[in-house]
Protein chains: 4
Amino acid sequence: MFHHQIEPRFSDTDGLGHIGNTAYPTWFEHARMPIFRIFHPSLELASWPLIVARVAIDYRAQCHWGLPVDIQTGIGRIGNSSFQAIQTAQQNGVEVARSEAVLIHFDYASEQSLPIPDHIRQQLEPHIVEAGSN
Amino acid sequence: MFHHQIEPRFSDTDGLGHIGNTAYPTWFEHARMPIFRIFHPSLELASWPLIVARVAIDYRAQCHWGLPVDIQTGIGRIGNSSFQAIQTAQQNGVEVARSEAVLIHFDYASEQSLPIPDHIRQQLEPHIVEAGSN
Amino acid sequence: MFHHQIEPRFSDTDGLGHIGNTAYPTWFEHARMPIFRIFHPSLELASWPLIVARVAIDYRAQCHWGLPVDIQTGIGRIGNSSFQAIQTAQQNGVEVARSEAVLIHFDYASEQSLPIPDHIRQQLEPHIVEAGSN
Amino acid sequence: MFHHQIEPRFSDTDGLGHIGNTAYPTWFEHARMPIFRIFHPSLELASWPLIVARVAIDYRAQCHWGLPVDIQTGIGRIGNSSFQAIQTAQQNGVEVARSEAVLIHFDYASEQSLPIPDHIRQQLEPHIVEAGSN
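Residues numbered from 1 in each chain as written. Chains lettered and ligands numbered in written order. Predicted model: local features only at pLDDT ≥ 70, side-chain atom pairs only at ≥ 80, totals over all residues.

**Notes on the overall build of chain A**
Phase 1 of the analysis: Of regular secondary structure, chain A possesses three helices and six strands.
Phase 2 of the analysis: By its C-alpha atoms, chain A is 45 × 30 × 25 Å across when sized along the principal axes.
Phase 3 of the analysis: When burial is assessed residue by residue, chain A has 44% of its 134 residues classed as buried.
Phase 4 of the analysis: Taking the contacts inside chain A whose residues are at least 6 apart along the sequence as the reference set, 68% of them involve residues at least 24 apart. (Helix = DSSP H or I, 4+ residues; strand = E, 2+ residues; numbered from the N terminus. Buried ≥ 20, exposed ≤ 12 C-beta atoms within 10 Å, placed from the backbone. Contact = placed C-beta atoms within 7 Å.)

**Regarding the interface of chain A and chain B**
Phase 1 of the analysis: Facing the 18 residues of chain A at the interface are 18 residues of chain B.
Phase 2 of the analysis: Mapped by element, the contributors of at least two residues to the side of chain A that touches chain B are α1 (24–31) and β2 (50–59) of chain A.
Phase 3 of the analysis: Per-element accounting of the side of chain A that touches chain B gives the leading share, eight residues, to β2(A).
Phase 4 of the analysis: Its residues placed into classes, the side of chain A that touches chain B shows 11 nonpolar, four polar and three charged.
Phase 5 of the analysis: Pairing between β2(A) and strand β2 (residues 50–59) of chain B: five bridges, direction antiparallel. Considered in β2(B), the bridge of A:Arg54 is made with B:Asp58. (Nonpolar A, V, L, I, M, F, W, Y, C, P; charged D, E, K, R; others polar. Pairing = 2+ DSSP bridges.)

**Some remarks on the relation of the copies chain D and chain B**
Phase 1 of the analysis: Superposition of chain D onto chain B requires a rotation of 180° combined with a translation of 0.0 Å along the rotation axis, giving an RMSD of 0.0 Å. Such a combination of rotation and displacement between the chain copies is what one expects of a two-fold axis. Rotation axis and chain D: the residue whose C-alpha lies nearest the axis is D:Asp14, separated from it by 2.0 Å.
Phase 2 of the analysis: Here 100% of the contact residues of chain D are again contact residues in chain B; the copies associate through an equivalent surface. (Least-squares fit on C-alpha atoms with pLDDT ≥ 70 in both.)

**A look at the interface of chain D and chain B**
Phase 1 of the analysis: With nine residues of chain D at the interface, the matching set in chain B holds nine residues.
Phase 2 of the analysis: Here the residues of the side of chain D that touches chain B sort into two nonpolar, six polar and one charged.

**Section: the relation of the copies chain A and chain B**
Phase 1 of the analysis: Superposing chain A onto chain B takes a rotation of 180° combined with a translation of 0.0 Å along the rotation axis, leaving an RMSD of 0.0 Å.
Phase 2 of the analysis: Mapped onto chain B, 100% of the interface residues of chain A again fall at the interface, so both copies present the same surface.

**What about the pairing of β2(A)?**
Phase 1 of the analysis: Note that β2(A) and strand β5 (residues 94–107) of chain A share nine bridges and pair antiparallel. Bridge pairing links A:Ala56 to A:Glu100 in β5(A).

**Digging into α1(A)**
Phase 1 of the analysis: Counting buried positions along α1(A) gives eight out of eight residues, so the element sits mostly inside the fold.
Phase 2 of the analysis: Among the residues of α1(A), A:Tyr24, A:Pro25, A:Thr26, A:Trp27, A:Phe28, A:Glu29, A:His30 and A:Ala31 are the ones counted as buried.

**What about unusual backbone geometry?**
Residues and elements named next belong to chain B.
Phase 1 of the analysis: Non-glycine residue Leu 43 carries a positive phi angle of around 60°.
Phase 2 of the analysis: Structurally, Leu 43 can be placed in the loop between α2 (33–39) and β2.
Phase 3 of the analysis: Positive phi outside glycine occurs at Glu 111, with the angle close to 55°.

**With respect to the environment of C:Ala89**
Residues and elements named next belong to chain C.
Phase 1 of the analysis: In this fold, Ala 89 is placed in strand β4 (residues 82–91).
Phase 2 of the analysis: Under the C-beta neighbour-count criterion, Ala 89 is labelled buried, with 26 such atoms within 10 Å.
Phase 3 of the analysis: With 41 residues separating them in the primary sequence, Ala 89 and Glu 130 have C-alpha atoms 17 Å apart.

**Structural notes on the environment of A:Ile75**
Residues and elements named next belong to chain A.
Phase 1 of the analysis: By secondary structure assignment, the location of Ile 75 is in strand β3 (residues 69–78).
Phase 2 of the analysis: For Ile 75, a count of 22 C-beta atoms within 10 Å puts it in the buried group.
Phase 3 of the analysis: Taking the C-alpha atoms as reference points, Ile 75 and Glu 100, 25 residues apart in sequence, are found 9.5 Å from one another.
Phase 4 of the analysis: The contact partners of Ile 75, leaving out residues within four places of it in the chain, are Phe 83, Gln 84, Ala 85, Leu 124, His 127, Ile 128 and Val 129.

**Re the confidence of the model for chain A**
Phase 1 of the analysis: Averaged over every residue, the pLDDT of chain A is 96; residues scoring 70 or more account for 97%.
Phase 2 of the analysis: Scoring the predicted complex yields pTM 0.96 and, for the interface, ipTM 0.96. (pLDDT = per-residue confidence, 0-100.)

**Thoughts on the environment of A:Gln84**
Phase 1 of the analysis: Locating A:Gln84 in the fold gives a position in strand β4 (residues 82–91).
Phase 2 of the analysis: Sequence-wise, A:Gln84 and A:Val52 are 32 residues apart; in three dimensions their C-alpha atoms are separated by 10 Å.

Have a look at this one:
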(Lines give C-alpha, C1' and ligand atoms only; values in the text may rest on other atoms or scores of the structure.)
Protein backbone atom coordinates (compact mmCIF):
# COMPACT_ATOMS: atom_id res chain seq x y z
CA MET A 1 0.00 0.00 0.00
CA PHE A 2 1.03 3.57 -0.53
CA HIS A 3 1.35 5.82 2.49
CA HIS A 4 0.89 9.58 2.61
CA GLN A 5 0.71 11.94 5.55
CA ILE A 6 -1.72 14.86 5.26
CA GLU A 7 -1.57 18.03 7.31
CA PRO A 8 -5.12 19.25 7.86
CA ARG A 9 -5.43 22.92 6.96
CA PHE A 10 -7.39 25.35 9.12
CA SER A 11 -9.72 25.72 6.14
CA ASP A 12 -10.53 21.98 6.37
CA THR A 13 -12.41 22.58 9.62
CA ASP A 14 -16.11 23.38 9.65
CA GLY A 15 -18.50 25.18 11.95
CA LEU A 16 -18.89 22.08 14.12
CA GLY A 17 -15.29 22.45 15.33
CA HIS A 18 -14.02 19.33 13.55
CA ILE A 19 -12.78 18.50 10.07
CA GLY A 20 -15.66 18.96 7.64
CA ASN A 21 -16.88 15.89 5.74
CA THR A 22 -16.20 17.73 2.47
CA ALA A 23 -12.46 18.08 3.23
CA TYR A 24 -11.74 14.34 3.23
CA PRO A 25 -12.30 13.89 -0.52
CA THR A 26 -9.55 16.45 -1.16
CA TRP A 27 -7.20 14.48 1.13
CA PHE A 28 -7.94 11.08 -0.37
CA GLU A 29 -7.51 12.56 -3.85
CA HIS A 30 -4.15 14.04 -2.91
CA ALA A 31 -3.03 10.68 -1.46
CA ARG A 32 -3.74 8.99 -4.81
CA MET A 33 -0.68 10.79 -6.19
CA PRO A 34 1.40 7.57 -6.50
CA ILE A 35 -1.38 6.11 -8.68
CA PHE A 36 -1.43 9.28 -10.77
CA ARG A 37 2.34 8.91 -11.29
CA ILE A 38 1.88 5.33 -12.53
CA PHE A 39 -0.67 6.39 -15.15
CA HIS A 40 0.92 9.70 -16.02
CA PRO A 41 4.50 10.23 -14.85
CA SER A 42 4.66 13.82 -16.16
CA LEU A 43 1.57 14.84 -14.12
CA GLU A 44 0.79 17.25 -17.02
CA LEU A 45 -2.81 18.37 -16.68
CA ALA A 46 -3.20 19.11 -20.40
CA SER A 47 -2.85 15.38 -21.17
CA TRP A 48 -4.44 13.97 -18.00
CA PRO A 49 -5.62 10.37 -18.52
CA LEU A 50 -8.02 9.66 -15.63
CA ILE A 51 -11.55 10.62 -14.64
CA VAL A 52 -13.38 9.91 -11.37
CA ALA A 53 -16.53 7.77 -11.74
CA ARG A 54 -17.44 7.26 -8.11
CA VAL A 55 -16.29 8.19 -4.62
CA ALA A 56 -17.77 6.62 -1.48
CA ILE A 57 -16.51 7.68 1.93
CA ASP A 58 -17.45 6.17 5.29
CA TYR A 59 -16.88 8.48 8.22
CA ARG A 60 -15.88 6.43 11.27
CA ALA A 61 -14.78 8.96 13.88
CA GLN A 62 -14.45 12.71 14.18
CA CYS A 63 -11.15 14.10 12.99
CA HIS A 64 -9.59 17.28 14.34
CA TRP A 65 -7.28 20.03 13.22
CA GLY A 66 -3.77 20.21 14.66
CA LEU A 67 -2.67 16.57 14.22
CA PRO A 68 -1.48 14.86 11.02
CA VAL A 69 -3.60 12.26 9.21
CA ASP A 70 -2.08 9.08 7.75
CA ILE A 71 -3.59 7.77 4.56
CA GLN A 72 -3.01 4.25 3.25
CA THR A 73 -3.89 3.67 -0.40
CA GLY A 74 -4.33 0.30 -2.09
CA ILE A 75 -5.83 -0.96 -5.33
CA GLY A 76 -9.09 -2.93 -5.45
CA ARG A 77 -10.68 -4.47 -8.52
CA ILE A 78 -9.02 -3.69 -11.84
CA GLY A 79 -11.42 -3.86 -14.78
CA ASN A 80 -10.87 -3.30 -18.48
CA SER A 81 -10.67 0.48 -18.25
CA SER A 82 -11.43 1.23 -14.59
CA PHE A 83 -9.97 0.40 -11.19
CA GLN A 84 -10.76 0.96 -7.53
CA ALA A 85 -8.61 2.97 -5.13
CA ILE A 86 -9.22 1.77 -1.56
CA GLN A 87 -8.03 4.10 1.17
CA THR A 88 -8.10 4.54 4.92
CA ALA A 89 -7.38 7.64 6.99
CA GLN A 90 -6.05 7.43 10.54
CA GLN A 91 -5.45 10.19 13.05
CA ASN A 92 -3.63 9.48 16.29
CA GLY A 93 -4.04 5.73 15.73
CA VAL A 94 -7.80 5.90 15.16
CA GLU A 95 -9.36 5.15 11.78
CA VAL A 96 -11.40 8.24 10.96
CA ALA A 97 -12.57 7.38 7.43
CA ARG A 98 -12.43 4.88 4.57
CA SER A 99 -12.77 5.71 0.90
CA GLU A 100 -13.47 3.66 -2.19
CA ALA A 101 -13.06 5.52 -5.46
CA VAL A 102 -13.51 4.25 -8.99
CA LEU A 103 -11.31 5.89 -11.62
CA ILE A 104 -11.48 5.38 -15.37
CA HIS A 105 -8.61 5.50 -17.85
CA PHE A 106 -10.03 8.23 -20.06
CA ASP A 107 -9.35 10.24 -23.17
CA TYR A 108 -10.67 13.78 -22.60
CA ALA A 109 -10.47 14.70 -26.30
CA SER A 110 -12.86 11.96 -27.45
CA GLU A 111 -14.59 11.61 -24.04
CA GLN A 112 -14.10 7.83 -24.27
CA SER A 113 -12.78 5.35 -21.75
CA LEU A 114 -9.54 3.59 -22.70
CA PRO A 115 -8.31 0.08 -21.81
CA ILE A 116 -5.72 0.04 -19.03
CA PRO A 117 -2.45 -0.92 -20.78
CA ASP A 118 -0.57 -3.97 -19.52
CA HIS A 119 2.47 -2.03 -18.36
CA ILE A 120 0.25 0.06 -16.08
CA ARG A 121 -1.72 -2.96 -14.91
CA GLN A 122 1.55 -4.59 -13.86
CA GLN A 123 2.49 -1.57 -11.78
CA LEU A 124 -0.93 -1.50 -10.07
CA GLU A 125 -1.10 -5.21 -9.23
CA PRO A 126 1.50 -5.27 -6.43
CA HIS A 127 -0.71 -2.78 -4.58
CA ILE A 128 -3.93 -4.79 -4.71
CA VAL A 129 -5.62 -5.14 -1.33
CA GLU A 130 -8.72 -7.15 -0.51
CA ALA A 131 -11.51 -5.24 -2.20
CA GLY A 132 -13.98 -3.50 0.05
CA SER A 133 -17.70 -4.14 -0.08
CA ASN A 134 -18.57 -0.51 -0.71
CA MET B 1 -38.48 16.19 -3.39
CA PHE B 2 -36.70 19.35 -2.49
CA HIS B 3 -35.21 21.45 -5.25
CA HIS B 4 -32.22 23.76 -5.04
CA GLN B 5 -30.31 25.59 -7.74
CA ILE B 6 -26.54 25.90 -7.26
CA GLU B 7 -24.31 28.42 -8.99
CA PRO B 8 -20.91 26.82 -9.55
CA ARG B 9 -18.14 29.08 -8.31
CA PHE B 10 -14.94 29.61 -10.30
CA SER B 11 -13.18 27.93 -7.39
CA ASP B 12 -15.23 24.76 -8.01
CA THR B 13 -13.35 24.17 -11.26
CA ASP B 14 -10.17 22.13 -11.36
CA GLY B 15 -7.13 21.92 -13.58
CA LEU B 16 -8.94 19.69 -16.06
CA GLY B 17 -11.18 22.60 -17.09
CA HIS B 18 -14.34 21.14 -15.56
CA ILE B 19 -15.96 21.10 -12.13
CA GLY B 20 -13.71 19.14 -9.78
CA ASN B 21 -15.08 15.95 -8.24
CA THR B 22 -14.39 17.40 -4.78
CA ALA B 23 -16.75 20.36 -5.35
CA TYR B 24 -19.90 18.25 -5.69
CA PRO B 25 -19.99 17.17 -2.02
CA THR B 26 -20.15 20.86 -1.03
CA TRP B 27 -23.10 21.36 -3.40
CA PHE B 28 -25.04 18.30 -2.28
CA GLU B 29 -24.45 19.30 1.34
CA HIS B 30 -25.75 22.80 0.70
CA ALA B 31 -28.84 21.38 -1.03
CA ARG B 32 -29.65 19.36 2.11
CA MET B 33 -30.61 22.66 3.79
CA PRO B 34 -34.37 21.83 3.85
CA ILE B 35 -33.53 18.63 5.77
CA PHE B 36 -31.35 20.61 8.16
CA ARG B 37 -34.28 22.96 8.77
CA ILE B 38 -36.55 20.01 9.64
CA PHE B 39 -34.10 18.69 12.25
CA HIS B 40 -32.90 22.05 13.51
CA PRO B 41 -35.01 25.07 12.55
CA SER B 42 -32.66 27.57 14.20
CA LEU B 43 -29.67 26.30 12.16
CA GLU B 44 -27.53 27.16 15.22
CA LEU B 45 -24.18 25.43 14.86
CA ALA B 46 -23.55 25.30 18.62
CA SER B 47 -26.46 22.86 19.03
CA TRP B 48 -26.18 21.07 15.67
CA PRO B 49 -27.91 17.65 15.80
CA LEU B 50 -26.61 15.74 12.75
CA ILE B 51 -23.40 14.02 11.71
CA VAL B 52 -22.48 12.55 8.33
CA ALA B 53 -21.78 8.80 8.37
CA ARG B 54 -21.35 8.16 4.66
CA VAL B 55 -21.36 9.97 1.33
CA ALA B 56 -21.30 8.11 -2.01
CA ILE B 57 -21.30 10.08 -5.25
CA ASP B 58 -21.56 8.69 -8.77
CA TYR B 59 -20.21 11.00 -11.43
CA ARG B 60 -22.23 10.56 -14.63
CA ALA B 61 -21.12 13.38 -16.91
CA GLN B 62 -18.69 16.26 -16.85
CA CYS B 63 -20.09 19.47 -15.40
CA HIS B 64 -18.89 22.93 -16.37
CA TRP B 65 -18.61 26.37 -14.89
CA GLY B 66 -20.92 29.12 -16.16
CA LEU B 67 -24.27 27.30 -16.02
CA PRO B 68 -26.45 26.63 -12.96
CA VAL B 69 -26.89 23.13 -11.51
CA ASP B 70 -30.26 21.82 -10.32
CA ILE B 71 -30.24 19.53 -7.33
CA GLN B 72 -33.20 17.35 -6.34
CA THR B 73 -33.15 15.95 -2.81
CA GLY B 74 -35.29 13.13 -1.47
CA ILE B 75 -35.25 10.87 1.57
CA GLY B 76 -34.34 7.16 1.36
CA ARG B 77 -34.44 4.65 4.20
CA ILE B 78 -35.20 6.05 7.63
CA GLY B 79 -33.74 3.96 10.45
CA ASN B 80 -33.88 4.37 14.20
CA SER B 81 -31.35 7.19 14.34
CA SER B 82 -30.13 7.54 10.76
CA PHE B 83 -31.60 8.31 7.34
CA GLN B 84 -30.50 8.51 3.73
CA ALA B 85 -30.51 11.67 1.63
CA ILE B 86 -30.77 10.75 -2.06
CA GLN B 87 -29.85 13.49 -4.50
CA THR B 88 -29.33 14.12 -8.18
CA ALA B 89 -27.57 17.01 -9.91
CA GLN B 90 -28.51 18.14 -13.40
CA GLN B 91 -26.88 20.74 -15.61
CA ASN B 92 -28.54 21.86 -18.81
CA GLY B 93 -30.93 18.89 -18.64
CA VAL B 94 -28.16 16.29 -18.22
CA GLU B 95 -27.73 14.32 -15.00
CA VAL B 96 -24.14 14.97 -13.95
CA ALA B 97 -24.07 13.20 -10.59
CA ARG B 98 -26.05 11.26 -7.99
CA SER B 99 -25.37 11.25 -4.26
CA GLU B 100 -26.45 9.01 -1.41
CA ALA B 101 -25.57 10.29 2.02
CA VAL B 102 -26.30 8.74 5.40
CA LEU B 103 -26.80 11.17 8.25
CA ILE B 104 -27.19 10.33 11.93
CA HIS B 105 -29.23 12.20 14.53
CA PHE B 106 -26.38 12.90 16.94
CA ASP B 107 -25.57 14.49 20.27
CA TYR B 108 -22.12 16.08 19.98
CA ALA B 109 -21.76 16.51 23.77
CA SER B 110 -22.05 12.78 24.53
CA GLU B 111 -20.94 11.65 21.05
CA GLN B 112 -23.97 9.33 20.92
CA SER B 113 -26.56 8.76 18.23
CA LEU B 114 -30.12 9.72 19.12
CA PRO B 115 -33.43 8.21 17.95
CA ILE B 116 -35.18 10.29 15.29
CA PRO B 117 -38.25 11.75 17.05
CA ASP B 118 -41.66 11.07 15.58
CA HIS B 119 -42.41 14.70 14.74
CA ILE B 120 -39.26 14.81 12.59
CA ARG B 121 -39.96 11.41 11.04
CA GLN B 122 -43.38 12.70 9.99
CA GLN B 123 -41.82 15.67 8.26
CA LEU B 124 -39.29 13.49 6.42
CA GLU B 125 -41.75 10.83 5.22
CA PRO B 126 -43.52 12.91 2.53
CA HIS B 127 -40.14 13.28 0.83
CA ILE B 128 -39.28 9.57 0.65
CA VAL B 129 -38.19 8.47 -2.81
CA GLU B 130 -37.36 4.98 -3.95
CA ALA B 131 -34.12 4.15 -2.17
CA GLY B 132 -31.03 3.88 -4.32
CA SER B 133 -28.85 0.81 -4.46
CA ASN B 134 -25.73 2.69 -3.45
CA MET C 1 -22.48 48.68 -9.46
CA PHE C 2 -23.19 45.04 -10.02
CA HIS C 3 -25.12 43.14 -7.39
CA HIS C 4 -24.92 39.45 -6.62
CA GLN C 5 -26.40 37.43 -3.78
CA ILE C 6 -24.28 34.57 -2.42
CA GLU C 7 -25.60 31.64 -0.41
CA PRO C 8 -22.90 30.62 2.06
CA ARG C 9 -22.28 26.88 1.89
CA PHE C 10 -21.84 24.77 5.02
CA SER C 11 -18.31 24.15 3.78
CA ASP C 12 -17.62 27.91 3.97
CA THR C 13 -17.75 27.74 7.77
CA ASP C 14 -14.66 27.06 9.84
CA GLY C 15 -13.91 25.61 13.24
CA LEU C 16 -14.61 28.94 14.93
CA GLY C 17 -18.32 28.62 14.08
CA HIS C 18 -18.34 31.46 11.57
CA ILE C 19 -17.54 31.86 7.88
CA GLY C 20 -13.84 31.23 7.40
CA ASN C 21 -11.70 34.09 6.10
CA THR C 22 -10.61 31.88 3.19
CA ALA C 23 -14.19 31.49 1.91
CA TYR C 24 -14.67 35.17 1.10
CA PRO C 25 -12.21 35.23 -1.82
CA THR C 26 -14.30 32.52 -3.52
CA TRP C 27 -17.44 34.66 -3.06
CA PHE C 28 -15.89 37.88 -4.31
CA GLU C 29 -14.48 36.02 -7.30
CA HIS C 30 -17.88 34.55 -8.11
CA ALA C 31 -19.48 38.00 -7.86
CA ARG C 32 -17.05 39.32 -10.50
CA MET C 33 -18.99 37.29 -13.08
CA PRO C 34 -20.49 40.40 -14.79
CA ILE C 35 -16.93 41.68 -15.33
CA PHE C 36 -15.89 38.30 -16.71
CA ARG C 37 -18.81 38.50 -19.16
CA ILE C 38 -17.64 41.92 -20.38
CA PHE C 39 -14.12 40.66 -21.12
CA HIS C 40 -15.12 37.22 -22.31
CA PRO C 41 -18.80 36.72 -23.17
CA SER C 42 -18.38 32.99 -23.93
CA LEU C 43 -16.85 32.32 -20.48
CA GLU C 44 -14.75 29.62 -22.23
CA LEU C 45 -11.90 28.66 -19.92
CA ALA C 46 -9.64 27.52 -22.76
CA SER C 47 -9.40 31.13 -24.02
CA TRP C 48 -9.67 32.92 -20.66
CA PRO C 49 -8.27 36.48 -20.89
CA LEU C 50 -7.74 37.59 -17.28
CA ILE C 51 -5.31 36.86 -14.46
CA VAL C 52 -5.44 38.00 -10.84
CA ALA C 53 -2.51 40.18 -9.74
CA ARG C 54 -3.64 41.11 -6.25
CA VAL C 55 -6.48 40.55 -3.81
CA ALA C 56 -6.82 42.51 -0.55
CA ILE C 57 -9.73 41.80 1.77
CA ASP C 58 -10.66 43.71 4.91
CA TYR C 59 -12.76 41.73 7.35
CA ARG C 60 -15.15 44.08 9.15
CA ALA C 61 -17.54 41.81 11.06
CA GLN C 62 -18.10 38.12 11.57
CA CYS C 63 -20.34 36.50 8.99
CA HIS C 64 -22.46 33.45 9.66
CA TRP C 65 -23.92 30.51 7.80
CA GLY C 66 -27.69 30.40 7.18
CA LEU C 67 -28.24 33.91 5.83
CA PRO C 68 -27.51 35.21 2.31
CA VAL C 69 -24.69 37.66 1.61
CA ASP C 70 -25.09 40.60 -0.78
CA ILE C 71 -22.08 41.58 -2.82
CA GLN C 72 -21.76 44.91 -4.63
CA THR C 73 -19.09 45.12 -7.30
CA GLY C 74 -17.71 48.28 -8.87
CA ILE C 75 -14.70 49.23 -10.97
CA GLY C 76 -11.79 51.27 -9.57
CA ARG C 77 -8.77 52.51 -11.50
CA ILE C 78 -8.46 51.32 -15.08
CA GLY C 79 -4.87 51.23 -16.32
CA ASN C 80 -3.39 50.23 -19.65
CA SER C 81 -3.81 46.50 -19.13
CA SER C 82 -5.12 46.19 -15.57
CA PHE C 83 -8.12 47.35 -13.55
CA GLN C 84 -9.41 47.23 -10.00
CA ALA C 85 -12.56 45.44 -8.87
CA ILE C 86 -13.89 47.05 -5.69
CA GLN C 87 -16.41 45.01 -3.75
CA THR C 88 -18.34 44.98 -0.51
CA ALA C 89 -20.16 42.12 1.21
CA GLN C 90 -23.15 42.68 3.47
CA GLN C 91 -25.06 40.21 5.58
CA ASN C 92 -28.29 41.22 7.26
CA GLY C 93 -27.53 44.90 6.58
CA VAL C 94 -24.04 44.78 8.11
CA GLU C 95 -20.91 45.19 6.00
CA VAL C 96 -18.85 42.09 6.74
CA ALA C 97 -15.98 42.60 4.28
CA ARG C 98 -14.48 44.74 1.52
CA SER C 99 -12.29 43.52 -1.30
CA GLU C 100 -10.01 45.22 -3.76
CA ALA C 101 -8.70 43.01 -6.52
CA VAL C 102 -6.42 43.88 -9.41
CA LEU C 103 -6.95 41.89 -12.58
CA ILE C 104 -4.82 41.99 -15.71
CA HIS C 105 -5.94 41.50 -19.30
CA PHE C 106 -3.66 38.58 -20.10
CA ASP C 107 -2.66 36.21 -22.86
CA TYR C 108 -1.96 32.81 -21.28
CA ALA C 109 -0.20 31.47 -24.40
CA SER C 110 2.52 34.13 -24.41
CA GLU C 111 2.20 34.93 -20.66
CA GLN C 112 2.04 38.63 -21.55
CA SER C 113 -0.34 41.33 -20.42
CA LEU C 114 -2.54 42.88 -23.11
CA PRO C 115 -3.93 46.42 -23.42
CA ILE C 116 -7.59 46.70 -22.45
CA PRO C 117 -9.42 47.35 -25.75
CA ASP C 118 -11.58 50.46 -26.03
CA HIS C 119 -14.85 48.57 -26.43
CA ILE C 120 -14.21 46.81 -23.10
CA ARG C 121 -13.07 50.03 -21.41
CA GLN C 122 -16.35 51.63 -22.46
CA GLN C 123 -18.34 48.84 -20.84
CA LEU C 124 -16.34 49.08 -17.61
CA GLU C 125 -16.51 52.86 -17.23
CA PRO C 126 -20.20 53.16 -16.23
CA HIS C 127 -19.38 50.96 -13.23
CA ILE C 128 -16.50 53.04 -11.88
CA VAL C 129 -16.83 53.82 -8.17
CA GLU C 130 -14.57 55.98 -6.07
CA ALA C 131 -11.33 54.03 -5.85
CA GLY C 132 -10.42 52.59 -2.49
CA SER C 133 -7.19 53.35 -0.72
CA ASN C 134 -6.14 49.72 -0.46
CA MET D 1 11.44 33.44 9.83
CA PHE D 2 9.34 30.35 10.02
CA HIS D 3 9.48 27.91 7.12
CA HIS D 4 6.76 25.54 5.99
CA GLN D 5 6.50 23.37 2.91
CA ILE D 6 3.03 23.00 1.37
CA GLU D 7 1.98 20.22 -0.96
CA PRO D 8 -0.56 21.64 -3.40
CA ARG D 9 -3.65 19.45 -3.57
CA PHE D 10 -5.32 18.59 -6.86
CA SER D 11 -8.30 20.54 -5.54
CA ASP D 12 -6.12 23.68 -5.34
CA THR D 13 -6.00 23.84 -9.14
CA ASP D 14 -8.58 25.75 -11.13
CA GLY D 15 -10.00 25.60 -14.63
CA LEU D 16 -7.06 27.60 -16.01
CA GLY D 17 -4.72 24.66 -15.36
CA HIS D 18 -2.79 26.39 -12.59
CA ILE D 19 -3.23 26.87 -8.84
CA GLY D 20 -6.30 29.00 -8.27
CA ASN D 21 -5.85 32.40 -6.62
CA THR D 22 -8.31 31.33 -3.90
CA ALA D 23 -6.10 28.40 -2.81
CA TYR D 24 -3.18 30.56 -1.66
CA PRO D 25 -5.00 32.05 1.35
CA THR D 26 -5.51 28.50 2.68
CA TRP D 27 -1.77 27.82 2.31
CA PHE D 28 -0.62 31.04 3.93
CA GLU D 29 -3.05 30.46 6.78
CA HIS D 30 -1.73 26.95 7.31
CA ALA D 31 1.85 28.25 7.33
CA ARG D 32 0.95 30.63 10.17
CA MET D 33 0.78 27.58 12.46
CA PRO D 34 3.97 28.53 14.41
CA ILE D 35 2.34 31.89 15.21
CA PHE D 36 -0.84 30.13 16.29
CA ARG D 37 1.25 27.95 18.64
CA ILE D 38 2.80 31.05 20.22
CA PHE D 39 -0.60 32.58 20.97
CA HIS D 40 -2.39 29.35 21.78
CA PRO D 41 -0.19 26.31 22.42
CA SER D 42 -3.15 23.93 22.85
CA LEU D 43 -4.56 24.87 19.42
CA GLU D 44 -8.02 24.29 20.98
CA LEU D 45 -10.62 25.87 18.70
CA ALA D 46 -13.13 26.40 21.52
CA SER D 47 -10.80 28.96 23.12
CA TRP D 48 -9.20 30.35 19.95
CA PRO D 49 -7.69 33.82 20.58
CA LEU D 50 -7.12 35.33 17.12
CA ILE D 51 -9.25 36.82 14.35
CA VAL D 52 -8.20 37.87 10.86
CA ALA D 53 -8.69 41.59 10.10
CA ARG D 54 -7.08 41.78 6.68
CA VAL D 55 -5.37 39.62 4.08
CA ALA D 56 -3.61 41.08 1.02
CA ILE D 57 -1.96 38.76 -1.48
CA ASP D 58 0.17 39.75 -4.47
CA TYR D 59 0.36 37.12 -7.16
CA ARG D 60 3.77 37.26 -8.82
CA ALA D 61 3.94 34.16 -11.03
CA GLN D 62 1.76 31.22 -11.93
CA CYS D 63 2.07 28.26 -9.61
CA HIS D 64 1.44 24.68 -10.67
CA TRP D 65 0.31 21.41 -9.18
CA GLY D 66 2.85 18.61 -8.71
CA LEU D 67 5.69 20.55 -7.04
CA PRO D 68 5.95 21.63 -3.39
CA VAL D 69 5.67 25.27 -2.34
CA ASP D 70 7.94 26.80 0.30
CA ILE D 71 6.42 29.43 2.55
CA GLN D 72 8.49 31.80 4.69
CA THR D 73 6.63 33.58 7.47
CA GLY D 74 7.82 36.61 9.41
CA ILE D 75 6.28 39.18 11.70
CA GLY D 76 5.72 42.80 10.63
CA ARG D 77 4.38 45.61 12.78
CA ILE D 78 3.18 44.64 16.24
CA GLY D 79 0.54 47.00 17.62
CA ASN D 80 -1.34 47.00 20.89
CA SER D 81 -3.66 44.14 20.00
CA SER D 82 -2.81 43.36 16.37
CA PHE D 83 0.20 42.26 14.36
CA GLN D 84 1.17 41.62 10.76
CA ALA D 85 2.19 38.25 9.34
CA ILE D 86 4.38 38.75 6.27
CA GLN D 87 4.80 35.73 4.05
CA THR D 88 6.27 34.67 0.74
CA ALA D 89 5.59 31.55 -1.31
CA GLN D 90 8.21 30.06 -3.64
CA GLN D 91 7.90 27.18 -6.06
CA ASN D 92 10.95 25.76 -7.75
CA GLY D 93 12.98 28.80 -6.69
CA VAL D 94 10.50 31.35 -8.09
CA GLU D 95 8.50 33.65 -5.83
CA VAL D 96 4.88 33.01 -6.77
CA ALA D 97 3.11 35.15 -4.16
CA ARG D 98 3.48 37.43 -1.15
CA SER D 99 0.94 37.84 1.63
CA GLU D 100 0.42 40.42 4.34
CA ALA D 101 -2.17 39.51 6.93
CA VAL D 102 -3.29 41.45 9.97
CA LEU D 103 -4.45 39.37 12.92
CA ILE D 104 -6.02 40.63 16.12
CA HIS D 105 -5.72 39.13 19.59
CA PHE D 106 -9.43 38.62 20.21
CA ASP D 107 -11.93 37.38 22.75
CA TYR D 108 -14.76 35.68 20.88
CA ALA D 109 -17.08 35.67 23.91
CA SER D 110 -17.11 39.46 24.30
CA GLU D 111 -16.18 40.16 20.64
CA GLN D 112 -13.46 42.54 21.87
CA SER D 113 -9.83 42.87 20.91
CA LEU D 114 -7.31 42.12 23.64
CA PRO D 115 -3.82 43.60 24.24
CA ILE D 116 -1.01 41.30 23.16
CA PRO D 117 0.61 40.13 26.42
CA ASP D 118 4.32 40.76 26.92
CA HIS D 119 5.28 37.08 27.00
CA ILE D 120 3.72 36.62 23.54
CA ARG D 121 5.26 39.85 22.23
CA GLN D 122 8.67 38.56 23.29
CA GLN D 123 8.16 35.36 21.34
CA LEU D 124 7.05 37.26 18.22
CA GLU D 125 9.86 39.84 18.20
CA PRO D 126 12.72 37.52 17.11
CA HIS D 127 10.71 36.85 13.93
CA ILE D 128 10.21 40.49 12.91
CA VAL D 129 11.15 41.18 9.29
CA GLU D 130 11.18 44.51 7.53
CA ALA D 131 7.51 45.40 7.22
CA GLY D 132 6.01 45.39 3.75
CA SER D 133 4.33 48.40 2.22
CA ASN D 134 1.06 46.61 1.66
